[in-house]
Amino acid sequence: MQRTWCRPLPAADLLVQGGRVVDPGTGADGVQDVLITAGEIAKVGPGLVAPQRTRVVDAAGMLVLPGFVDLHAHFRAPGREDEEDLGTASAAAAAGGYVAAFGMPNTEPVTDSAGLLRGLIRQAEEDAVVPLGFYGAVTRGLGGDLLTEMGELGEAGAVGFSDDGNALPTAAIIRRALQYAKVADRLVAVHAEDPSLSLGGQMHEGAASARLGLTGIPSLCESLDVFRTLDIAAYEDGRVHVCHVSAEQSLQAIARAKEAGVRVTAEVTPHHLTLVDERVATFDPNFKMNPPLRAERDRRALVEALKSGLVDCVATDHAPHAPEAKDLPFEEAPFGVIGLETAFSVLYGALVVSGEVPLATLIARMSTTPARIAGLEAPSVAAGAVANVCVVDPLAVWTVAPDTLKSRSHNTPWLGQELTAKVRLTVAAGRVAWDDLA
Ligand SMILES: [Zn+2]
Ligand SMILES: [Zn+2]
C-alpha cells in the first residue's frame, strides 16, 4: 500500500565516489563508491567506473547515508500556505537529507476525511520533491468527541491517525480510537498532555519558570497522559506512537509498557535532545514549543533513551509560523519551531561529535526505524535498493539564516547560529531532490 507521494522527477544516474558509507541496516561503515542507475543502487564497492552519461560526484571526506524519514511534521497545507506548502516543506526536507516526511492533520480545514486526504495526495504529486505522506485526524475537526471515518482514511492512504496539537480528551475516545485504528491496521500517534495541568502554561515548570515569572507546564502533564494512553493500549492491544517525548517520567511509562509487550513506539525531537528550559531566559519565542524544553536531567534521560532504543526515533515536529505570528512577546507567541533542515546538523554536532551517540545509532533512529514504523521499506545504501540516500559534508560549517533555509518560515532556535555538517545531496525515491554540489 502506497504511503507517500511526490512529483515525477527524472530518475537519477550518479556515481558517488569515495565517500564513507554508513548504513546501520547492512552494518556497513567504510569508504565505497555507490553507483545509482535509473534511480536504483546498481553497485556498491571500491573502484567503480561511471557508465556513459553518468554524473560523477566526488564524495571524498563525506558521509554517504541512508536518507532520513520524519514521522512528524506540519506542512501547513491546506490553509496556511503563507507559512509553508507541500513544495517548500518538501524542499526543506530534501535540504535536510530526508527522503520521506509525514504531515499532521491539524490543517485548515482539518484533514479529517478521505476526500481532503486525496486532495493533499494530488497536491503532493504536483509539488513535492520528496515523497510526503499524511496522517488523518482521530476526531472530526480535532473536536475531541466524534471519531473520523478511519477505515476510509486508511484506504485513502493515511499512515496513521493523530489529533496532534491536542491531546485526546477522554479515556473513552482513546479507547475507541485504538479499536478503530486496529481494524484499519494503522497506528495512533498521540500528543500526550493533560490540559488541566498545562492551561495557560508558557514553558517547563521548574526553577527557570519561577525565576522568569512565566506560567509553568509540569512534566506530569505529559507523563500522566502517556501512562493513561499506554494502559488503554495494553487493554485494547492497540498500536500507539508517542509523539515528542520530553519528560523523564514519560520514559518510565514507555519502558513499563514495552516490558509488558504493549505495541508502542516513541519519538523525540532534536530540540528536546539538545536544548533545556534555561534557554527561555532570552524570551526569544523561537524557544517556545509544546511540549516545552525541559530540565537538563530530562534532556540527559532522552539522550540515553535514544541510544538504548527505548525511544525509537527522531522526529522534527517541524512547525512553521509566519514572522508576524512569532514576532510577538513570548507569552503571546504560538508554540512550535521548524526543524527539517537543521535536524541532522544539530544532532551530529551535539551528540555524535561529542562522542555521546554513535553515528550508526543516530542514522538508525533517523532513517531505518522511522521508515519501519511508517510501513515504508527502510532506506539502505545497498545494491538493489531504490536510491534513498544523502551525502553529508561532516566538516562544513553553515549559518542558519532566512537565505539558507528552504522552508517558507524561519522560526528556529538556531537562527543566526553556525552549525557543523551540511547535507550536500539528497536522492529520494531515485530522484535528485537536493543538490548543493553542482
Ligand atoms: Zn504535538
Ligand atoms: Zn506536532
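Our subject is the structure that appears above.
Presented here is a report on the structure given in the accompanying data block. (Residues numbered from 1 in each chain as written. Chains lettered and ligands numbered in written order. Predicted model: local features only at pLDDT ≥ 70, side-chain atom pairs only at ≥ 80, totals over all residues. Heavy atoms only, no water.)

**Side note on the overall build of the chain**
Thought 1: Looking only at helices and strands, the chain features 13 helices and 18 strands.
Thought 2: What you see for the chain is a C-alpha radius of gyration of 21 Å, in line with the 22 Å of a compact globule of 438 residues.
Thought 3: Judged by the C-alpha coordinates and their principal axes, the chain covers about 65 × 50 × 45 Å.
Thought 4: Expressed as a percentage of the 438 residues in the chain, the buried residues total 61%.
Thought 5: Element-wise, carbon and sulfur atoms account for 51% of the exposed surface of the chain, whose accessible area totals about 16100 Å². (Helix = DSSP H or I, 4+ residues; strand = E, 2+ residues; numbered from the N terminus. Rg over C-alpha atoms; globule rule 2.2 N^0.38 Å. Buried < 20%, exposed > 50% of the residue type's maximum accessible area, 1.4 Å probe, protein only. Areas by Shrake-Rupley, 256 points an atom, 1.4 Å probe, with all protein chains shown as cover.)

**Some thoughts on the coordination of the zinc ion (ligand 2)**
Thought 1: Distances from the zinc ion (ligand 2) to its protein donors, H72 (NE2), H74 (NE2), D164 (OD) and D317 (OD), fall at 2.0 to 2.1 Å.
Thought 2: For the zinc ion (ligand 2), the 4 donor atoms in the first shell make angles of 84 to 169 degrees at the metal, so the coordination geometry reads as irregular.
Thought 3: Between the zinc ion (ligand 2) and the zinc ion (ligand 1), the interatomic distance is 3.6 Å, and D164 donates to each metal, bridging them. One end of the pair, H72, is in strand β6 (residues 68-73); the other, D164, is in the loop between β9 (160-162) and α4 (171-183), and 92 residues separate them in sequence. With respect to class, H72 is no different from D164; both count as buried. (Donors = N, O, S within 2.8 Å, 3.2 Å for Na, K, Ca; no water. Tetrahedral: all angles 85-135°; square planar, octahedral: opposite > 155°, others 65-115°.)

**Describing the coordination of the zinc ion (ligand 1)**
Thought 1: Looking at the metal site, the zinc ion (ligand 1) is ligated by D164 (OD), H191 (ND1) and H244 (NE2), spaced 2.0 to 2.1 Å from it.
Thought 2: Here the donor residues for the zinc ion (ligand 1) map to a single chain with the spacing D-x26-H-x52-H.
Thought 3: The exposure class assigned to H191 is buried, which follows from its relative accessible area of 5%.
Thought 4: Accessibility expressed as a relative area gives 2% for H244, which makes it buried.

**Things to note about the environment of V386**
Thought 1: Note on placement: V386 falls in the loop between α13 (359-374) and β16 (389-399).
Thought 2: The sequence separation of V386 and I36 amounts to 350 residues, and the corresponding C-alpha distance is 8.8 Å.
Thought 3: With near-sequence residues (within four places) excluded, V386 lies in contact with G39, E40, A429 and G430. (Contact = heavy atoms within 4.5 Å.)

**Observations regarding the layout of surface pockets**
Thought 1: In this structure, the largest pocket spans a volume of roughly 310 Å³.
Thought 2: What lines the largest pocket is a set of 17 residues, and nearest its centre among them are L376, E377, V386, N388 and A429.
Thought 3: Tallied by class, the residues present in the lining of the largest pocket amount to 12 nonpolar, 3 polar and 2 charged.
Thought 4: Empty space within the second largest pocket amounts to approximately 270 Å³.
Thought 5: Residue lining of the second largest pocket: 16 residues in total, with H74, G165, N290, A319 and F335 positioned closest to the centre.
Thought 6: Class assignment of the residues belonging to the lining of the second largest pocket gives a composition of 4 nonpolar, 9 polar and 3 charged. (1 Å grid on protein atoms, 1.4 Å probe; cavity = no way out; pocket = protein on both sides within 12 Å on 5 of 7 lines; lining within 4 Å. Points joined across faces, edges and corners; volume = space filled by probe spheres on them. Nonpolar A, V, L, I, M, F, W, Y, C, P; charged D, E, K, R; others polar.)

**Side note on a nonpolar patch on the surface**
Thought 1: Together, L197, L220 and L224 make up a nonpolar patch on the protein surface, roughly 230 Å² of accessible area in all.
Thought 2: Within the element layout of this structure, L220 appears in helix α7 (residues 220-236). (Patch = residues over 30% accessible without salt bridge, like charges linked within 9 Å, V, L, I, M, F, W, Y side chains within 5 Å. Salt bridge = Lys/Arg side-chain N within 4 Å of Asp/Glu carboxyl O.)

**Some thoughts on the pattern of salt bridges**
Thought 1: What the rule picks out here adds up to 18 salt bridges.
Thought 2: Of the charged contacts, one joins E83 and R80 as a salt bridge, the two residues approaching to 3.4 Å between their closest N and O atoms.
Thought 3: Overall, the relative accessible area of 3% leaves E83 in the buried class.
Thought 4: Of the charged contacts, one joins R408 and D85 as a salt bridge, the two residues approaching to 2.9 Å between their closest N and O atoms. Here R408, found in the loop between β16 and β17 (418-428), pairs with D85, found in the loop between β6 and α1 (86-95); they are 323 residues apart in sequence, far enough to count as distant.
Thought 5: Members of the salt-bridge network, linked through shared partners, are R76, R80, D82 and E83.

**A closer look at the sheet that holds β6**
Thought 1: In spatial order, the strands read β6-β7-β8; together these 3 strands make up an open sheet with parallel pairing. One side of each edge strand has no neighbouring strand; the edge strands of this open sheet are β6 and β8 (132-134). Between one strand and the next, the sheet's axes are offset by a mean angle of 20 degrees, whatever the strand orientation.
Thought 2: In this sheet, strand β7 (residues 98-103) lies alongside β6 in parallel orientation, the contact comprising 4 bridges. Within β7, the residue paired with A73 across the bridge is G103. (Pairing = 2+ DSSP bridges. Axes fitted to C-alpha atoms, helices over the stretch in contact; angles between N-to-C directions.)

**Remarks on the packing of aromatic side chains**
Thought 1: What the rule picks out here adds up to 5 aromatic pairs.
Thought 2: The interplanar angle of 80 degrees and the centroid separation of 6.4 Å between the aromatic rings of F283 and F330 together place this pair among those described as edge-to-face. Of this pair, F283 sits in the loop between α9 (270-274) and α10 (296-308) while F330 sits in the loop between α11 (323-326) and α12 (343-352); the two residues are 47 residues apart in sequence, bridging distant segments of the chain.
Thought 3: On the accessibility criterion, F283 (34% relative accessible area) is partly exposed.
Thought 4: With a relative accessible area of 2%, F330 lands in the buried category.
Thought 5: Clustering of aromatic rings is evident, with ring pairs tying together F68, Y98, F344 and Y348.
Thought 6: The ring of F335 carries K288 above its face, with NZ or CZ at 4.8 Å from the centroid.
Thought 7: The lysine or arginine in question, K422, covers the ring of W398, its NZ or CZ lying 4.7 Å from the ring centre. (Phe/Tyr/Trp six-rings, centres within 6.5 Å; stacked < 30°, edge-to-face > 60°. Lys NZ or Arg CZ within 6 Å of the ring centre and 35° of its normal.)

**Re α12**
Thought 1: Of all 10 residues in α12, 8 are buried; the element is thus mostly enclosed.
Thought 2: Buried residues of α12: A343, F344, S345, V346, L347, Y348, L351 and V352, and no others.

**Some thoughts on the nonpolar core**
Thought 1: Formed by 102 residues in total, the largest nonpolar core has its most connected members in L65, F134, V242, L273, F344 and M366.
Thought 2: One finds A208, L212, L214 and V337 within the second-largest nonpolar core, a separate group that totals 18 residues. (Core = buried A, V, L, I, M, F, W, Y, C linked by side-chain atoms within 4.5 Å.)

**Observations regarding empty space enclosed by the protein**
Thought 1: The tally for this structure, following the rule as stated, stands at 5 cavities of 30 Å³ or more.
Thought 2: As a volume, the largest cavity reaches approximately 50 Å³.
Thought 3: As for the largest cavity, its lining consists of A95, G96, E341, F344, S345, W398, T404, K422 and V423.
Thought 4: Counting only elements with at least two residues in the lining of the largest cavity, the list comes to α12 and β17.
Thought 5: Considering only residue class, the lining of the largest cavity consists of 4 nonpolar, 3 polar and 2 charged.

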